[in-house]
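# Overview (structure and organization)
For reference, the chains in residue letters:
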Amino acid sequence: MISGDTENIEEASDEHLAWMLQAMEMAEEALTASEVPVGCVFVRGGRSIARARNRTNELRNATRHAELEAIDAILANPALTPPSLLTSGAYPLADTTLYVTVEPCIMCASALRQMGIKRVFYGCANERFGGCGSVLGVNKGLAHPKHPPFDATDGYCREEAIMILRRFYVTENTNAPTPRSKTNRVLKTDIPSREPTPRHS
Amino acid sequence: EVEASSSSNHVPEDTSDPNAIVPDEDLPFTRVKLTSDEDDEETSEAVRTVQAWAVDIPDPRHTTSALKWLKSSGLDTPTLSHLKRVRKSPTGTHSTLLLTSTSPTIAPELPSDLDLAAPYQLAVPRSAALTPTSLALKNALWPTVFAPRRKGEPEDWSRARAQWACAAMVRVVEEARAARAAGELPIASYVPAPPEEPAWPSYLARDTRVSSAHPLRHAALNVVRALSNSTASTSASIIPATAAASTPPTSAPTKNGQHYLLTSRALFVTHEPCVMCSMALLHSRVKEVFFLVPMQRTGGCGGAACVPKLEGVNHRFAIGRWKTGAGGVSVEGLEIDEDIDS
C-alpha cells in the first residue's frame, strides 16, 4: 500500500510540474515583452482555462499581475463563469487550481481567497510582497470572516523561476520609477536552498 | 468613473490664516501609526536583532580587497543596508567584515586568496538607529547607520489642507451614496487634485462588483484603473495635440514610470480598503489613504492587517482614519456587512 501511495504522489508531482512548465512559458513571454517575468495557468477539470502573464508596464497599471489578468479572462467568459453562478453567491474558482511561477503577492493572494481558489502551486517565494507566507499569510494564517483558506505549495520549477527573474533584473528596467544602471551586474547562477530573493511587481 | 476636473474642490471660505498649522488633535482624521514596533529600542533588551555571518580579516590591509570581493559575491543584499560593512577592532589589530543575513545554517563560501578566518554568526541590529540612545546600544552590537528622520514621518497640515481633505471626503461620500442608489455597494474612492496642484486631474470611482458581476471590482482598484486608462492615452508616443484636458500638467511628476502611479497623491475612500486593495495601493505608490468607515475584520489598513506596516514591503503610505462627524461628514447610508471586503 505504501508503495502505491508513493506512486500516486509521484504521478501528481509530474502533473504539477507539467502545468508549472506552462506557467514558465508565460513568464518567458513576459520577459520578451520587457515585463517582470511572472506567468500563470489556471487549471480546472484537468485542463487549462486561462493563461496569463504580468502586464503592468504595458497597461500602465501596477496592479495588473498575471493572476488578476487571468481572473478577469475567466470571469468574462460565460462558459467558464455562468452568470447564475455569481448570483448564487458561489465562489467562481472553487474547482480551480492555480500554477504561478512566483508566490502570489499580498494583493493577488487576497484576490484569490475572495474568489475561493481551490489550491495554489508556485515556483519560488517572494520576499518583498509574498502573500502566501513570505511577508503575510493571506491564504491561510490571516483570519477572514467569510472566505475559506487555501493551501499554497512552493517548489515546482523554483530554480527556473528564480533564474528568469534574475535575467530580468540584470537588464535595466527602463519602466522602473528610478532606473538604475546595471552595466556592472552579472547573472549569478548559484541558487541557495530555500533562500531566494526574487521580487514580484 | 473618471472626473476630469477638480472644480468641485472649493475650499470653504474662512477668515483665519489658511497656512496656519493645524495641531494633530484638531485634524479631521487620526493618524494610524505605522512604526510602533520600531520606536521603542531605547534599552538593550528592546533592540531587535537578526543573525548574520561575519568574518575576521587578520590583516587590516586586506580590508579593501575583501570589500571588493563582497560586492561581487552576491552576498551583499539590501537587508543589511542599515549597517556598516566593516568593524575595526578597538586595538586596530584586525577588522571584521559583515557578510550576509541569509542562509543562516550554511556558512558562505570565502575566497581562498584573502587569508580570512572561518566565518561565524553574530546578532546584529535589525534596523537603523532612530535616536542617539538606540544608536549607542546598536553600535555596541555592530556599527549602525543613524537615521533620525525617516520616511513616513507625519507631516504638518495647514488649515487649507485640512479643508481640502474635508471637501474630498464629502465628495467621496456623495459618490458612495449615488452608487447605492444605483444598486451597488455604497463604497467609493477619490483621488483629488492636490491643494498645491489644483490643475492636476482628479479621479473618482465607485464599487461596481454588482453591475459588472465581478467580485473584485472594488472602488480602490477601480480608481487605479481609471488613472491608468486616462494616462494610457497620454503616453509619450500618442499625446493628442488638441486634447488639452488630457495632456499631463507640466508640473506633474514626469520622472520615468511615475506617470501611471499614485506617487505624491492622496486617496480618499469611504471604507477601509481590503487587503487586496491596500496592497494594490502600495503597488501604486500612493502617498496617503484616508478612510471613513473602519473594516475591523477585512481591512488592510489596520483592521485585519496593516499592509504598509509589514516588514519587507518596499513602500509605505500614511493612513488617516476619519474622525466621526469631522468636516460635517456623516456615515449615513454607507452601512455594509462587516464581513465584506471593501
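A brief structural summary. The structure presented is a predicted model; accordingly, all values stated were derived computationally and were not measured.

Okay, the overall build of chain B next. In terms of helices and strands, chain B carries six helices and 10 strands. Burial analysis of chain B (342 residues in total) assigns 49% to the buried set. In chain B, the proportion of contacts linking residues at least 24 apart, taken out of those at least 6 apart, comes to 69%. Split by element, the accessible area of chain B, about 16,000 Å² in all, is 55% carbon and sulfur.

Once that is clear, we can look at the environment of Thr-63 of chain A. The topology assignment puts Thr-63 of chain A in the loop between strand 2 (47–53) and helix 2 (66–76). Taking C-alpha positions, Thr-63 of chain A is 31 Å from Ser-13 of chain A, a pair spaced 50 residues apart along the chain. Contacts of Thr-63 of chain A, omitting those with residues within four sequence positions, involve Thr-56, Leu-68 and Met-107 of chain A together with Leu-221, Val-224, Ala-280 and Ser-284 of chain B.

The next subject is the pattern of salt bridges. Under the criterion given, the structure shown has 23 salt bridges over all chains. Ionic pairing is found between Arg-53 of chain A and Glu-29 of chain A, a salt bridge with its closest N-O pair at 3.0 Å. Placement of Arg-53 of chain A in strand 2 and of Glu-29 of chain A in helix 1 (residues 2–32) is noted, with a sequence separation of 24 residues between them. Overall, Glu-29 of chain A belongs to the partly exposed group, its relative accessible area being 39%. Its salt-bridge partner being Glu-175 of chain B, residue Arg-206 of chain B comes within 2.9 Å of it at the nearest N-O pair. Linking Arg-206 of chain B in strand 7 (residues 203–206) with Glu-175 of chain B in helix 4 (residues 159–181), this pair joins segments that are 31 residues apart in sequence. Judged by its relative accessible area of 13%, Glu-175 of chain B is buried. Shared partners join several salt bridges into a network, and the residues in it are Glu-29, Arg-53, Arg-55, Glu-58, Arg-64, Glu-69 and Asp-72 of chain A together with Arg-217 and Arg-225 of chain B.

The next subject is the packing of aromatic side chains. All names here are of chain B. A complete count under the given rule lists 10 aromatic pairs over all chains for this structure. Ring centres 5.6 Å apart and planes at 80 degrees place the aromatic pair Trp-157 and Phe-290 in the edge-to-face group. You can see Trp-157 sitting in the loop between helix 3 (132–141) and helix 4 and its partner Phe-290 sitting in strand 9 (residues 288–293), a full 133 residues away along the chain. Note on accessibility: Trp-157 and Phe-290 belong to one class, buried. Three or more aromatic residues joined by ring pairs make a cluster, and in this case those are Phe-29, Trp-157, Trp-164, Phe-268 and Phe-290. When the ring centre of Trp-157 is taken as reference, the NZ or CZ atom of Arg-161 above it lies at 4.9 Å.

Right, let's get into the sheet that holds strand 1 (residues 39–44) of chain A. Whenever strands of a sheet pair, they do so through backbone hydrogen bonds, lying parallel or antiparallel. Residues and elements named next belong to chain A. Pairing in this open sheet of five strands is mixed, and the strands run 2-1-3-4-5 from one edge to the other. Strand pairing shows two members of the sheet lacking a second neighbour, strand 2 and strand 5 (151–154), which therefore form its edges. Averaged over neighbouring strand pairs, the angle between their axes works out to 20 degrees when direction is ignored. Of the strands in this sheet, strand 3 (96–102) and strand 4 (119–124) are in contact with helix 5 (residues 158–170), which crosses strand 4 at around 60 degrees.

Let us now look at the sheet that holds strand 1 (residues 29–32) of chain B. All names here are of chain B. Ordered in space as 1-10-9-8-6-7, the six strands form an open sheet in which the pairing is mixed. Strands at the two margins of the open sheet, each flanked by one partner only, are strand 1 and strand 7. With strand direction ignored, the average angle separating the axes of adjacent strands in the sheet is 20 degrees. Where strand 6 (residues 188–191) lies against strand 8 (residues 266–271), two bridges are found, and the strand directions are antiparallel. Bridge pairing in strand 8 places Tyr-190 opposite Phe-268.

Criteria and cut-off values
Residues numbered from 1 in each chain as written. Chains lettered and ligands numbered in written order. Predicted model: local features only at pLDDT ≥ 70, side-chain atom pairs only at ≥ 80, totals over all residues. Heavy atoms only, no water. Helix = DSSP H or I, 4+ residues; strand = E, 2+ residues; numbered from the N terminus. Buried < 20%, exposed > 50% of the residue type's maximum accessible area, 1.4 Å probe, protein only. Contact = heavy atoms within 4.5 Å. Areas by Shrake-Rupley, 256 points an atom, 1.4 Å probe, with all protein chains shown as cover. Salt bridge = Lys/Arg side-chain N within 4 Å of Asp/Glu carboxyl O. Phe/Tyr/Trp six-rings, centres within 6.5 Å; stacked < 30°, edge-to-face > 60°. Lys NZ or Arg CZ within 6 Å of the ring centre and 35° of its normal. Pairing = 2+ DSSP bridges. Axes fitted to C-alpha atoms, helices over the stretch in contact; angles between N-to-C directions.

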